[in-house]
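Residues per chain are reported as follows:
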Amino acid sequence: MKIVNWQTLFTDHQLYTWQAFQNLLSEPIVHLIAKSESEVRKRQGWKKANLEGMEVTCLSSENWWAHGTAILKKHHDAVHFFGGFWADRRYFPLMLYALWHGMEVVVMNESYSTENVGYMSDQHKLVGWVKVKLRPLLYRVAAFTLNAIARGSRPAVMAMSNRAVRQFLQAGFRDDQVFPFGYFIPTVADVGEELPRRVGMIRLVFLGSLLQRKGLDVLIEAVSNCHLRGANVIVDVYGPGESDRVPLSSDCVIYKGIIPFGEAQATIAQYDVLVLPSRHDGWGVVVNEALLQGIPVVASENVGAACLVEASGAGAVFRNEDVAGLQKIIQRIADDPTVLRVWRDKASKVKTLIEPEVAAKYMHDVVKFYFHREGDRPRLRCCESEERLGYL
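About the criteria used
- Residues numbered from 1 in each chain as written.
- Predicted model: local features only at pLDDT ≥ 70, side-chain atom pairs only at ≥ 80, totals over all residues.
- Heavy atoms only, no water.
- Pairing = 2+ DSSP bridges.
- Helix = DSSP H or I, 4+ residues; strand = E, 2+ residues; numbered from the N terminus.
- Axes fitted to C-alpha atoms, helices over the stretch in contact; angles between N-to-C directions.
- Contact = heavy atoms within 4.5 Å.
- Buried < 20%, exposed > 50% of the residue type's maximum accessible area, 1.4 Å probe, protein only.
- Polar contact = N/O pair within 3.5 Å; in protein donor to acceptor, adjacent residues only side chain to side chain.
- Patch = residues over 30% accessible without salt bridge, like charges linked within 9 Å, V, L, I, M, F, W, Y side chains within 5 Å.
- Areas by Shrake-Rupley, 256 points an atom, 1.4 Å probe, with all protein chains shown as cover.
- Salt bridge = Lys/Arg side-chain N within 4 Å of Asp/Glu carboxyl O.

Which residues make up the sheet that holds strand 1 (residues 3-7), and what values go with them?
A sheet is described by the order of its strands in space; here seven strands give the open sequence 3-2-1-4-5-6-7, paired in parallel fashion. Because the sheet does not close on itself, it has two edges, and the strands there are strand 3 (55-58) and strand 7 (178-181). Taking the axes of each pair of neighbouring strands and ignoring which way they run, one obtains an average angle of 20° across the sheet. Seen against the sheet, helix 6 (residues 162-171) touches strand 5 (104-110), strand 6 (156-160) and strand 7 and runs at an angle of roughly 135° to strand 6.

So, the environment of Tyr-183: which residues are in play, and what are the values?
The residue Tyr-183 is located in the loop between strand 7 and strand 8 (202-207) in this model. The buried category is assigned to Tyr-183, whose relative accessible area is 13%. Here the alpha-carbon distance between Tyr-183 and Asp-345, two residues 162 residues apart in the chain, equals 23 Å. For Tyr-183, the contacting residues outside a window of four places in its chain are His-13, Gln-14, Glu-110, Met-160, Trp-283, Val-285 and Asn-288. At 2.7 Å, the side chain of Tyr-183 forms a polar contact with the side chain of Glu-110.

For a nonpolar patch on the surface, give the residues involved together with the corresponding values.
A cluster of nonpolar side chains, Trp-86, Leu-126, Trp-129, Val-130, Leu-134, Leu-137, Leu-138 and Val-141, forms an exposed patch at the surface whose accessible area comes to about 720 Å². By secondary structure assignment, the location of Leu-126 is in helix 5 (residues 125-149). You can call Leu-126 exposed: its relative accessible area is 53%.

Before we move on, can you summarise helix 4 (residues 91-100) with the specific residues and values?
With eight of ten residues buried, helix 4 is to be regarded as a mostly interior element. For helix 4, the set of buried residues is Tyr-91, Phe-92, Leu-94, Met-95, Leu-96, Tyr-97, Ala-98 and Leu-99. Downstream of helix 4 by one or two residues, Gly-102 has phi in the positive range, about 75°.

By themselves, these are just geometric observations and shouldn't be taken as functional.
Laid out in structure tokens, this is it:
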């Protein structure tokens, strides 16, 4: 099996899965990247992924079409994975070229935002409104065009979350084309000594950029309401951005600064629950980081990785921007300690299902099943649940 991986930017979110995928193959994976680093990510404290020992080429910025098509021709018998429909605008025409020439293509894409919020930064409301209206149409055009132009197999789509699966099916991709997927990182084994816990105190943690998209205001209002009602609960907030989004005078919400890169799991492990109230998150790797440490998660329905919580029962999911719904969940765990114990037990059991090696095996099976009809349709157990948990 020959694989060519077209990514916009290589981050640790993908790196470990691709390394595990390589271990299943006899030939080296060819990696293409559109850029070597992101200034926005750099300002947020991200570090470059360690690509040592990997065959990585940066797509030419000036002669990208000639460079890209030359790579496709050279590896015409490979399976070409593209990291997003439009994450780098040059990749979509290269997908069309590959499909027109009968090549095997897999597109890995997160869900798109249905909310009027910026992704990497806050944006003007009018601009956001236009984007929200256009996105469903653009994905319908993409589905029609990619399927229509294919002279061999239609492209497979690895949808990063169950929410993305629903969106791409609605866009016009067929059910047999779309496979649920996500981001997968390894467990950090040595997270240091656990901090002393105050009896009866529920300690929540928020990790993320201090942007409107991340929904921190929803969490602050819900926790503050619980605190006013006598709940013994606090939330520590970590992340880059405008710290004045966190009230300085609050007794239950505290801004703790920025966590050094690579230390998120060690920090999360000191808390009772991670809360991710995002208005939109294509995935949300902090959910993985919490579950890998056996820490339950409360997440908005618009968080891609909420499917991990729904499937495992290791926490709860609430409706987007529903302050009352989130408040009810927080009040419940403050009032009934058994809820937290059950969640923690389930979180400890899901860890083995979200390791990169499991994801790599699934990718390998998807390629064999979809393009070569080998075996049964693969299942991604960490994103499956026999019965939707519902909203608490």
